[in-house]
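Summary of the model geometry
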Amino acid sequence: MKIVIIGGERVPYFLAKKFITKGYKVYFVNRDKELCNEYSRTLNAVVILGDGQSKQVLDQIEIESEDIVVLLTERDRKNFFIARLVQEYYNVRNVVTLLNNSENEDLFERYGIRTLKVTDLIMQNIEPLLFENEVVETLNDESSNKGVTVLKINVDWDSKIAKKTLQELEIPDGIIIAGIVRKDRYLIPRGDTIIQPDDKLILICNQDKSELAMEFFFS
Amino acid sequence: MSTDTAEVMKLKQINYKFYVIIVGCGKIGLEVAMRLSHIGFNVTIVEKDPSALSLLPEDYGGFAIIGDAAERETLKRAKADKCDLLIATTSDDPTNYFVSLIGAKIFGITNVISLVKNKENVALFEKSGIRAISPVNLAIETFERNILEGVESVAGDEK
C-alpha cells in the first residue's frame, strides 16, 4: 500500500515522515520546483514534480486501488477534481482531502471522499472565545446607563474562590454570576456549581457594587 | 439578426422561457450568452471578475451576477434551483467540473454542459453525467472531416 500526497507545503513533509517511519512507501506530487528539490534531498520518498490534476503525472505513480491518496492543494475544486480522477482511473477507495469551504462537504460525501474541514476546526477553537465576547457585549449593551455593570473575571490557580461552590462563597448582595466560561463551554451556574481554576466568570452587579465585586473575587 | 433555425422556431412555438445559467464570461461564455438571449432564452451570466462583465455588449438582454459560481450563495442568487440548463465555460477544468456537479447534484439541474479544455478530461466529465465540449476535439474532428471530404472530391475527379 502506497501513500500518495498531492499538493501542500509543510504539512506533507511531516505527514510523509510519519508514514515513512511506519514503513509505508510515500509518493509526493507537487508543482513547486524548489519544494520538490528540497523534499527529494530530505525525504526518503518518491518526489514527482508536476501538476496532480494531469493524468500523465498521476500515471507515473502506478496508483492501485488500495493506495491512500491525500489531497492538500489550496482549492476545494482542485482537490475534488483530483479525487474524482484517482477514483475513476485507478479505482482508489481511500481519498482524504483538505476542505476549506465546509458547505462543499455534501458533494465530497456523495462521492465517498473523506474530508478534513480545516475552517471548521479553526472555528471550533475560536468560537468559545467569540461566544464569551458576544455574551459580555450583549450584556453591556443591555445594561449600559441602567446602573448595572458587567465584569469579567479570570479565576487563577491559587485563587481563594476556586474549588468552591457558589453557595459556599456567599456572594454579596447586588452581585450575581451570570455565566461561567469553561474551556469551550458556557455554563449557567447554580448554587452547587463548583468554580474551577482557569474559569472565566461573567458578573453582573450594581454599578456601586463593582469595586466590592472586584475585591471579593480577586482577594 | 439572422433568421431562426428550425429548432429555434420550435422553441418559440412552445412559448416556454428556458432558463440558462452560463458560468464564465470569457470569449465563449459571452458569445453563447448573447446568442441564447437573442433567441429568447432567459440567460444569467455568472462571472467572478467584474471587468470581464464590462465586455458584455449593450444589447445583451440577460442578467449578470458577479460572484464565484463554486460558492453556493452565488448559485442561489442566480436562482440555480429554477435553472433548466447550466453551461460551464471557464478556462479551468476543475472549476467547470466542480460547478457542474454542484449544479447537477445539489441544485438538481438536469441539463449540464461544460467546456473541457484538456481533452483527456472528457471521459471524467461524461462519466459524471456532464455533457462535455472539447474545443480541441471539435477542431480535430472538423479538420479530419474537411480533409476526408477533400480527398473524396480529389478521388472523384480522377475517375
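Since this is a predicted model, take the numbers as computed values, not measurements.

1. A word on the overall build of chain B
Helix and strand counts for chain B stand at seven helices and six strands. Across chain B, helices and strands are ordered from the amino to the carboxyl terminus as α-β-α-β-α-β-α-β-α-β-α-β-α. With the C-alpha coordinates aligned to their principal axes, the bounding extent of chain B is approximately 65 × 35 × 30 Å. By sequence separation, contacts in chain B at least 24 residues apart represent 47% of the contacts at least 6 residues apart.

2. Focus: the domain arrangement of chain A
Taken domain by domain, chain A comprises domain 1 (2-112) and domain 2 (122-218). The gap between the C-alpha centroids of domain 1 of chain A and domain 2 of chain A is 47 Å.

3. With respect to the sheet that holds strand β8 (residues 175-182) of chain A
Either a parallel or an antiparallel arrangement is found when strands of a sheet pair, and the pairing is made through backbone hydrogen bonds. All names here are of chain A. An order of β7-β10-β8-β9 is seen for the four strands of this open sheet, with the pairing classed as antiparallel. Of all the strands in the sheet, the pair left with one neighbour each is β7 (148-154) and β9 (185-187). Averaged over all adjacent pairs, the angle separating strand axes in this sheet is 20 degrees, with direction ignored. Note: β8 against β9, three bridges, orientation antiparallel. For R182, the partnering residue across the bridge sits in β9 and is R185. Together, β7, β8, β9 and β10 (200-206) form the strand contacts of helix α6 (residues 118-143), whose direction differs from that of β7 by roughly 160 degrees.

4. Side note on the sheet that holds strand β1 (residues 2-6) of chain A
All names here are of chain A. Pairing is parallel in the open sheet, where six strands are placed in the order β3-β2-β1-β4-β5-β6. Either end of the sheet is taken by a strand with one partner, and the two such strands are β3 (46-49) and β6 (114-117). On average, adjacent strands in this sheet sit at an angle of 15 degrees to one another, irrespective of strand direction. Inspection of the sheet shows strand β5 (residues 94-99) paired to β6 by four bridges, in the parallel sense. The residue of β6 that forms the bridge with V96 is R114. Relative to strand β2 (residues 25-30), helix α1 (residues 11-21) is tilted by about 165 degrees, and along the sheet it contacts β1, β2 and β4 (68-71). This element, helix α4 (residues 76-90), spans β1, β4 and β5 of the sheet and lies at about 175 degrees to β5.

Analysis parameters
Residues numbered from 1 in each chain as written. Chains lettered and ligands numbered in written order. Predicted model: local features only at pLDDT ≥ 70, side-chain atom pairs only at ≥ 80, totals over all residues. Helix = DSSP H or I, 4+ residues; strand = E, 2+ residues; numbered from the N terminus. Contact = placed C-beta atoms within 7 Å. Domains from an automatic or database assignment. Pairing = 2+ DSSP bridges. Axes fitted to C-alpha atoms, helices over the stretch in contact; angles between N-to-C directions.

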